[in-house]
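The residues making up each chain are set out below.
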Amino acid sequence: MDTFRDVPEFFEVELGESLIARTEILATFRELGPPDLCHTVKSQGRGQKDLGTYHYVSGVDASSSASLAAYLNSLTYAVEDNSAWFSKSTAWKVRNGCFCCFNAFSRVDVRVDVKIPGGVNAYVIDLRGERHDATPEIWQETYLSALLRSILYADDANYRLMGFRKLDPITSPEAELRFLQAAEALFAKGWQLGSDPEIQVASVVSNHLTAGVLKYFGDSFRYDQAANLFEKLYAREPDVASLLAQSYIGMNEEVKAVQVMSTALRDHPQSYTLLHVQCDFLRSKGKFEWALKLARQAVNCAPSEFVTWAKLTEVYIELEMFEAALLTLNSCPMFTYNERDLHRMPTPQRTHLPVKQYIIDSQILGEDREEDNEADLALKRLPAPNLRGTFARAYSLLTKLVSQIGWDELLTTRSTVFVMEEEYRMQKAQVDINAVTSNGTSAVKSSVHDSGVGTFESGGADDDASTRAVASPSDQKTELEPGPPIPTIRITSESDGEKEGGADARPNGDASAVTAAAEDTLGKPEQAASQEEGEDSAGDTATLNGGEAFSFSNKRLCERWLDNLFMVLYEDLRVWTIFRAEVAHFKTQHVAYRKTGAEWEILGDLGVRLHHKEEAKEAYQRCLDSKFSVKAWTKLLEMYAEEGDLQRSLQAAIRLTAYQHRYYMEMSYPTAVGHHLYRLGQVHGHAKISYTLMSMGLPEAILKIMEGYLRYGHAFKVEGSDF
């Protein structure tokens, strides 16, 4: 056969088209670059057309041409050979291969051509497609770039590709030492790699290199190795003090961390990263007033960074200074989210995605039914899951705020600190009325309340701030018509949601009536005044000479992106309120509440976003009753590990590991599964985890891949591996 055993493949239409496509898009890569590309050419002998295939891979040692050639050579033994002794056809063989690895420091593509049998040729392709020789410095940069991609994007949902094979990047303490040496040598160039989406300007301490080091050692709770590296770097780079203090705190060496922060802040008081580490330390000790001073100072030091404003917002929320928190969130500088560097390849002729036999035999993953993946359009169209970067972070702060004070109080706070569109429109109307009256052309009765909001006498609308804010823009007409008062709902806990649902649910009513009643309880937020509308507010205020003077001097204009986030939050809360009301109604009727697996998964995600942890856990569990969901198992593993539930955590870890190996993710660490298992190991010990796995009666192959996490822990002396 012309395929590899247990290795994904894409077959090219034209030989070498994947290499050409990669060369053409090199200039579009902005950060760490795409996964490594492995291209092979297979031949069946003379007179037969060669086949070109390729797959993506990470975790291969890219420190030299020999190590990459070794991977290509290993594929020669993976070609499936099903020919019988009486068959006339000759077997397919790998004739040559090319391994491509992107160097994120120098922005070049390092390639190794291997002819089998024959020689090895290594060269560099720059952004213009020109060839150059590979130097030792280029190889070191390429090695570290490949490692960082493998570490940082191990579980990244935005870095997933079909046919992406992931191997363990670091398999021995010696390999880890080489990683540390390369990180130390290239530390000063780390800013060239870029940074997380929330960081506007990458610096020597805020970049993908430092994030990779902290993630690799932090996820296994081995901060001592990171601290050793940062101690060496601190001697020549004072800004590393924040990373060193963070590592000491992770090691529970708080005295050392405080000493480092104290010394560094005296020498460099303008380092916002250092101020943030100290701020987080004080918050963990309950000293929020002290943390507030540091968070304010960090904003003064780096006013153009999103993270400083976000940190200040968090502290304000913890101090229950909600108006200040909303104003601070409104001041956050927002950045455009850049997608991960990924390939755009030509459509392959055919695809080979084999499933390992032991995965099929285990029957752990089950079969997906089409009806289980169907979901209500209202759930599918929720906008919040599509938020990325700074917008996703800002939304999480907004949901944290509403979870503490409730929707009604949030709208009241919003109308207190921001200029509402209704207020601005009423003010403009009053200005026009005064101008017309002064000219003697017409007279219109109007009144300006003490709150500063003018209302037509025929309207009779309630002037309460929260009611103004929840009025639906679609209901606003040329003349304000009187209507029934809009009820409000305070969404803060499960019990509150059930009370609202229980009040609306009739003993003999149907679910649709409950849904409509629940939806009516949540008022839609009014749009805030836009920047363009607010520009003339000062001039308009000056022309008001009659009646009460109205001024916006004590209010701010709400940024349009934050106004949009309020609408996103409204959609989430509306769906959640309806869901909880329906659950309460069905409970009173003693009827089973049914949803598809996909709908339960979406509702679980919604519960997590809105900080309803227990309800989210229940939704994920109901999802798994209907279908296999990797997202649900991942969230449940995180929750079970936090609770210290060993048995359930292992059940989740087994299924996730089987799923990962089904889709060619053959690495044990750094992964989310490994991180949570090592967290459990700190409490229970690895020996107990091992015995529990053996007691579960797992198939031998599944037990072997699960023991891979414990083997890593033993080799690298992860806490808990010795008991």
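A brief look at the structure comes next. (Residues numbered from 1 in each chain as written. Predicted model: local features only at pLDDT ≥ 70, side-chain atom pairs only at ≥ 80, totals over all residues. Heavy atoms only, no water.)

**Remarks on helix α16 (residues 407-417)**
Cut-off, in case you're wondering: Any residue under 20% of the maximum accessible area for its type is buried, any over 50% is exposed, and the rest in between are partly exposed; the area is computed with a 1.4 Å probe on protein chains only. Numbering goes from the N terminus for both helices and strands, where a helix is a DSSP run of H or I of at least four residues and a strand is a run of E of at least two.
With respect to burial, α16 is a largely interior element, eight of its eleven residues being buried. Buried residues of α16: Trp407, Asp408, Leu410, Leu411, Thr413, Arg414, Ser415 and Val417, and no others.

**Details of the environment of lysine 595**
Stated formally: In this description, contact between two residues means that some pair of their heavy atoms is separated by no more than 4.5 Å.
Within the fold, lysine 595 resides in the loop between α23 (560-589) and α24 (597-609). When the C-alpha positions of lysine 595 and glutamate 374 are compared, they lie 9.7 Å apart, and in sequence the two are 221 residues distant. Every residue in contact with lysine 595, bar those within four places of it in the chain, is listed here: Glu582, Trp600, Leu603 and Ser626.

**Regarding unusual backbone geometry**
Each neighbour pair has its own omega, and for tyrosine 669 with proline 670 the value is 0 degrees, a cis peptide bond. By the element assignment, proline 670 lies in the loop between α27 (646-662) and α28 (672-684). Although it is not a glycine, histidine 590 adopts a positive phi angle of roughly 55 degrees. Within the element layout of this structure, histidine 590 appears in the loop between α23 and α24. Positive phi, close to 55 degrees, is recorded for lysine 717, a residue that is not glycine. Among the secondary structure elements, lysine 717 is positioned in the segment after α30 (700-715). Its relative accessible area of 68% is what places lysine 717 among the exposed residues.

**Considering the packing of helix α12 (residues 322-330) against α23**
Quick note on the threshold: Axes here mean lines fitted to C-alpha atoms, for a helix over just the part in contact, with angles spanning 0 to 180 degrees between N-to-C directions. Orientation is classified from the angle alone, with under 35 degrees giving roughly parallel, over 145 giving roughly antiparallel, 65 to 115 giving roughly perpendicular, and any other angle giving oblique. Gly counts as polar in this scheme, as do all residues outside two lists: the nonpolar Ala, Val, Leu, Ile, Met, Phe, Trp, Tyr, Cys and Pro, and the charged Asp, Glu, Lys and Arg.
Interaxial distance between α12 and α23 falls to 9 Å at its minimum, and their mutual angle equals 120 degrees. Judged by the inter-axis angle, α12 sits oblique to α23. Taking contact as the criterion, the partners of Leu326, Leu329 and Asn330 in α12 are, on α23, Trp561, Leu562 and Phe566. Considered class by class, the residues forming the contact of α12 with α23 number five nonpolar, one polar and no charged.

**A short note on helix α4 (residues 173-185)**
The condition is simple: The span expected for a helix works out to 1.5 Å for each residue beyond the first. Read the arc as the range of directions from the helix axis to the C-beta atoms.
In this model α4 runs 18 Å from its N-terminal to its C-terminal C-alpha over 13 residues, within 8% of the 18 Å that 1.5 Å per residue would give. For α4, the set of buried residues is Ala175, Glu176, Phe179, Leu180, Ala182 and Ala183. The buried residues of α4 occupy an angular sector of 165 degrees when projected down its axis, which confines them to one face. Residues of α4 that are exposed and point more than 90 degrees away from the buried face comprise Glu174 and Ala185. Where the residues of α4 are buried, they touch α3 (136-152), α5 (208-218), α6 (223-234) and α30.

**Comments concerning the pattern of salt bridges**
Selection rule: Salt bridge criterion: a side-chain nitrogen from Lys or Arg within 4 Å of a carboxyl oxygen from Asp or Glu.
Per the counting criterion, the structure on display carries 30 salt bridges. Residues participating in the shared-partner salt-bridge network are Asp280, Arg283, Lys311, Glu314, Glu318 and Arg393.

**Details of the pairing of strand β5 (residues 108-115)**
This is how it is decided: When DSSP finds at least two bridges between two strands, those strands are taken to pair.
Of all eight residues in β5, six are buried; the element is thus mostly enclosed. In the sheet, strand β4 (residues 93-103) pairs with β5 via eight bridges, with the strands oriented antiparallel. By the bridge assignment, phenylalanine 102 is partnered in β5 with aspartate 109. In this antiparallel pair of consecutive strands, β4 and β5, the connection spans four residues, and arginine 107 shows a positive phi of 60 degrees. Pairing of β5 with strand β6 (residues 120-125) involves six bridges; the strand directions are antiparallel. For valine 110, the partnering residue across the bridge sits in β6 and is valine 124. Between β5 and β6, which pair antiparallel one after the other, the connecting turn spans four residues, and glycine 118 there sits at a positive phi close to 155 degrees.

**Overview of the packing of α28 against α30**
Heads up, the condition is: Here a crossing is taken to be left-handed if its near helix is turned anticlockwise relative to the far helix by less than a right angle, and right-handed if that turn runs clockwise.
At their nearest, the axes of α28 and α30 sit 11 Å apart, and the two run at 65 degrees to each other. Crossing of α28 over α30 shows right-handed handedness. Facing α28, whose interface residues are Val673, Gly674, Leu677 and Tyr678, α30 presents Met706, Tyr709, Tyr712 and Gly713. In terms of residue class, the contact of α28 with α30 is built from six nonpolar, two polar and no charged.

Taken by themselves, the reported measurements are silent on function.
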